[in-house]
Amino acid sequence: MKLENQTFIVTGGASGIGLGITRRIISEGGRVVAVDINAEAGERVVEEFGDRARFIQGDVSDTQVATTAVAESVEAFGGLNGLVNNAHASRQKPFLELEESDWSLSFSTGFQATLNFMRAAHDELVKTKGSVVNFGSGAAMGGQLGQASYAAAKEAIRGVSRVIANEWAPEGIRVNIVSPLALTPGVEAWSREHPAQYEETVATIPLARFGDPETDVAPVVTFLLSADAKYMTGQTLMADGGIRKLY
Ligand SMILES: NC(=O)c1ccc[n+]([C@@H]2O[C@H](COP(=O)([O-])OP(=O)(O)OC[C@H]3O[C@@H](n4cnc5c(N)ncnc54)[C@H](O)[C@@H]3O)[C@@H](O)[C@H]2O)c1
């Protein structure tokens, strides 16, 4: 098992891709502190994984939540080997319709939260020569219509990740990015609201389907968290079925 007795924080770790990552880390022998705003989903995590997981209910944009998650990793499991900044909330609207609150939602839950958790985790990650996985998006790289606030935050995450990868490399901490494509509750809701865009998107995926959070995306994340990726930092891995960027 690749992650035996190692501990990871997974933001948004109670549903969607985050739940797939939580499951995969635990099946690889690891332990998870899942942070999520959704308390019901968090209860299910605790039921499913027992003493292999802890759940922190909170909003990732709150700096105190990041501090609490790191403290819980240390108290419950003795330290922290890695961090997965997966949670990100946003609203899809044409650029001219985006309001200040829309920009703020995407930047506080995506960009700021990623920074908060990296700052809070740094001192523990130094001790373990840990690994960070942040999340990008093909919609951002391709300029998908209606995704201005999301795309800006996602590319800001990638930009800062490459810098921090270089700054933290001498301390032995690796920082990489995964850009996924997976059928999650969030994507299912989006597909119902924007069915034409959903069908257009599927038509541009060479592997002809949306990925599965646990079996298609999470293994790429656990690879980057593990020692198998010990010579990789500052990279973006596309776990997206090879989707062509035709937005
Ligand atoms: N699903 C895809 O195809 C896809 C494509 C590109 C990028 N991504 C990225 O992958 C990551 C996961 O995507 P997903 O589709 O699983 O998302 P999702 O919306 O299905 O799930 C995200 C999880 O984060 C939690 N969450 C949302 N806001 C939060 C907050 N403020 N504080 C704490 N928890 C919060 C939710 O409760 C949920 O459990 C995101 O960064 C997303 O932008 C996903």
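Preceding this paragraph is the structure being described.
What counts, and where the lines are drawn
- Residues numbered from 1 in each chain as written.
- Predicted model: local features only at pLDDT ≥ 70, side-chain atom pairs only at ≥ 80, totals over all residues.
- Heavy atoms only, no water.
- Buried < 20%, exposed > 50% of the residue type's maximum accessible area, 1.4 Å probe, protein only.
- Helix = DSSP H or I, 4+ residues; strand = E, 2+ residues; numbered from the N terminus.
- Pairing = 2+ DSSP bridges.
- Right-handed = clockwise from strand over helix to strand, strands pointing away.
- Axes fitted to C-alpha atoms, helices over the stretch in contact; angles between N-to-C directions.
- Contact = heavy atoms within 4.5 Å.
- Near = heavy atom within 4 Å.
- Polar contact = N/O pair within 3.5 Å; in protein donor to acceptor, adjacent residues only side chain to side chain.
- Areas by Shrake-Rupley, 256 points an atom, 1.4 Å probe, with all protein chains shown as cover.
- 1 Å grid on protein atoms, 1.4 Å probe; cavity = no way out; pocket = protein on both sides within 12 Å on 5 of 7 lines; lining within 4 Å.
- Sits in = over half its atoms within 2 Å of the grid points.
- Nonpolar A, V, L, I, M, F, W, Y, C, P; charged D, E, K, R; others polar.
- Phe/Tyr/Trp six-rings, centres within 6.5 Å; stacked < 30°, edge-to-face > 60°.
- Core = buried A, V, L, I, M, F, W, Y, C linked by side-chain atoms within 4.5 Å.
- Salt bridge = Lys/Arg side-chain N within 4 Å of Asp/Glu carboxyl O.

1. So, the pairing of strand E4 (residues 82-85)
A regular strand places its side chains so that they alternate between the two faces of the sheet. Alternating residues of E4 divide into Gly-82 and Val-84 and Leu-83 and Asn-85, and every residue in both groups is buried. Examined bridge by bridge, strand E1 (residues 7-11) and E4 share 3 bridges and lie parallel to one another. In the sheet register, Ile-9 faces E4, and the bridge partner there is Leu-83. Bridge analysis of E4 against strand E5 (residues 131-135) gives 4 bridges, and the strand direction is parallel. Looking at E5, one finds that Val-84 is bridged to Val-133. In the classification by handedness, the crossover that spans E4, the intervening helix H4 (residues 100-128) and the parallel E5 is right-handed.

2. Looking at the sheet that holds strand E7 (residues 236-239)
The 7 strands are arranged E3-E2-E1-E4-E5-E6-E7 in an open sheet whose pairing can be described as parallel. The sheet terminates laterally at strand E3 (53-57) and E7, the two strands that pair on one side only. Pairs of neighbouring strands in the sheet enclose a mean axial angle of 20°, with direction left out of account. Running at roughly 155° to strand E6 (residues 174-180), helix H6 (residues 148-168) makes contact with E5, E6 and E7 of the sheet. Sitting on the sheet, helix H9 (residues 213-225) touches E1, E4, E5, E6 and E7, and the angle it makes with E6 is about 170°.

3. What to know about the site of the ligand
Around the ligand sit 26 residues in total, of which Ser-15, Asp-36, Asn-86, Tyr-150 and Thr-184 are the nearest. At 2.8 Å, a side-chain N or O of Lys-154 approaches an oxygen atom of the ligand. Measuring from an oxygen atom of the ligand, one finds a backbone N or O atom of Ala-182 at 2.8 Å. Burial of the ligand by the protein chains amounts to 87% of its free accessible area of 830 Å². The pocket occupied by the ligand, as judged from atoms lying within 2 Å of grid points, is the largest pocket. Elements with a contribution of two residues or more to the shell around the ligand: helix H1 (16-27), H6 and helix H7 (185-193). The residue inventory of the shell around the ligand, partitioned by class, reads 11 nonpolar, 12 polar and 3 charged.

4. Things to note about the packing of aromatic side chains
The full count for this structure, using the stated rule, is 5 aromatic pairs. Both rings, one in Phe-95 and one in Trp-103, keep their centres 6.4 Å apart while their planes meet at 85°; by these two values the pair is edge-to-face. Note on Phe-95: relative accessible area 54%, which makes it exposed. Pairing Trp-190 with Tyr-198 gives two aromatic rings, centres 6.3 Å apart and planes at 75°, and the pair type is edge-to-face. Across the pair, exposure class does not vary: Trp-190 and Tyr-198 are buried alike. Through pairs of rings, three or more aromatic residues link up here, namely Phe-95, Trp-103, Phe-107 and Phe-111.

5. A short note on the nonpolar core
Ranked by internal contacts, the top residues of the largest apolar core, which has 27 residues, are Ile-21, Ile-25, Phe-135, Val-178, Val-221 and Leu-225. Looking at this core, the elements that each hand over two or more residues are E1, H1, strand E2 (31-36), helix H2 (39-49), E5 and H9. Membership of the second largest hydrophobic core comes to 24 residues, among which are Leu-83, Met-118, Ala-165 and Trp-168.

6. Some points on the pattern of salt bridges
Applying the stated criterion to the full structure yields 9 salt bridges. In this structure, Arg-23 engages Glu-48 in a salt bridge whose closest nitrogen and oxygen atoms are separated by 2.6 Å. Here Arg-23 is found in helix H1, whereas its partner Glu-48 is found in helix H2, with 25 residues between them in sequence. For Arg-23, a relative accessible area of 27% corresponds to the partly exposed category. A relative accessible area of 41% places Glu-48 in the partly exposed class. Glu-155 is the salt-bridge partner of Arg-158, the closest N and O atoms lying 3.0 Å from each other. Here the residue Arg-158 and the residue Glu-155 both occupy positions in helix H6, the gap between them amounting to 3 residues, near one helical turn. Residue Glu-155 is classed as partly exposed on the basis of its relative accessible area, which comes to 31%. In the salt-bridge network here, residues are joined through shared partners; they are Arg-23, Glu-48 and Glu-214.

Remember that the coordinates give geometry; whether it matters functionally is a separate question.
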